[in-house]
Amino acid sequence: MIQPICRMGNPKLRSVNKDLEIDSIKGESFGRLLADLIDSMKHYGGIGIAAPQIGVNLRVAIIELPETNRYGQKIQLPLTVFINPVIEFLTDELQGFWEGCLSVPGLRGFVERPSKIKVSFYDEKGKFHELIAEGFLATVIQHELDHLEGVLYVDRIKDPAKFAFQEEYDQYVFNQKEIGD
Ligand code: ZN
């Protein structure tokens, strides 16, 4: 079911999120949570969503990165469920992207993050995975996993001059091709 999105200022976004008991994956309440995450992500047009964004303080997030997305990036990831994810940074090298967030609607901000990561997680069937990601996908994963730590992308904007409304971003930034590296 489509759930309302918690917006910046809602304490649910800043709360401690608990690991999911892997055994509970087979249960009804996890099934409902997963369906709610998928329905809500698709309804609001996100490329990822984390459980606290729909008011559930568990360490679960999903990402689906189609080849054509609103960020104009061509990296693809089929719908992937990240349960109890742990991130490892594989480089000190930073990359910057203009990020957006369903919990911070109508705004974009430029955030630099490590360009290569490894993420270990369980999927919705309880299977363990390790995924190495680079480029835009690495940023998307870090953004979603930040939600599980109570962190929003706005916390990571270093230059407040690179924080903009979507319309101004479209008008003044996008055309200068600042998106990307
Ligand atoms: Zn977000």
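In short, a report on the structure. Remember, predicted model here, so these are calculated numbers, not experimental data.

Definitions and cut-offs
- Residues numbered from 1 in each chain as written.
- Predicted model: local features only at pLDDT ≥ 70, side-chain atom pairs only at ≥ 80, totals over all residues.
- Heavy atoms only, no water.
- Donors = N, O, S within 2.8 Å, 3.2 Å for Na, K, Ca; no water.
- Helix = DSSP H or I, 4+ residues; strand = E, 2+ residues; numbered from the N terminus.
- Buried < 20%, exposed > 50% of the residue type's maximum accessible area, 1.4 Å probe, protein only.
- Expected span 1.5 Å × (residues − 1).
- Arc of directions from axis to C-beta.
- Contact = heavy atoms within 4.5 Å.
- Phe/Tyr/Trp six-rings, centres within 6.5 Å; stacked < 30°, edge-to-face > 60°.
- Lys NZ or Arg CZ within 6 Å of the ring centre and 35° of its normal.

## Overview of the coordination of the zinc ion
Taken together, the protein ligands of the zinc ion are Cys101 (SG), His143 (NE2) and His147 (NE2), with distances of 2.0 to 2.3 Å. Along the chain, the residues donating to the zinc ion are arranged with the sequence spacing C-x41-H-x3-H. Residue Cys101 is found in the loop between strand E4 (94-99) and strand E5 (107-114), and its partner His147 is found in helix H2 (residues 135-147); the two are separated by 46 residues along the sequence. For Cys101, a relative accessible area of 7% puts it in the buried group.

## Some words on helix H1 (residues 28-44)
Its 17 residues place the ends of H1 24 Å apart at the C-alpha level, agreeing with the 24 Å of an ideal helix rising 1.5 Å per residue. All of the buried residues in H1 are Phe30, Leu33, Leu34, Asp36, Leu37, Ser40 and Met41. Down the axis of H1, the buried set is contained in an arc of 160 degrees. They therefore lie on one face. Considering only its buried residues, H1 is in contact with strand E1 (48-50), strand E2 (60-65) and strand E3 (77-89). Looking one or two residues beyond H1, the residue adopting positive phi is Gly45, at roughly 75 degrees.

## A few points about the packing of aromatic side chains
For the structure shown, the criterion picks out seven aromatic pairs. Between Phe97 and Phe136, the ring centres sit 5.1 Å apart and the planes meet at 65 degrees, which makes this aromatic pair edge-to-face. Of the two residues, Phe97 sits in strand E4 while Phe136 sits in helix H2, which places them 39 residues apart along the sequence. This pair shows no difference in class: Phe97 is buried, exactly as Phe136 is. Connected via pairs of aromatic rings, a cluster forms that spans Trp98, Phe110, Tyr169 and Phe174. The cationic tip of Arg108 hangs over the ring face of Tyr169; the distance from NZ or CZ to the ring centre is 4.6 Å. Positioned over the ring face of Phe110 is Lys162, at 4.4 Å from the centre of the ring.

Read these as geometric descriptors, not functional statements.
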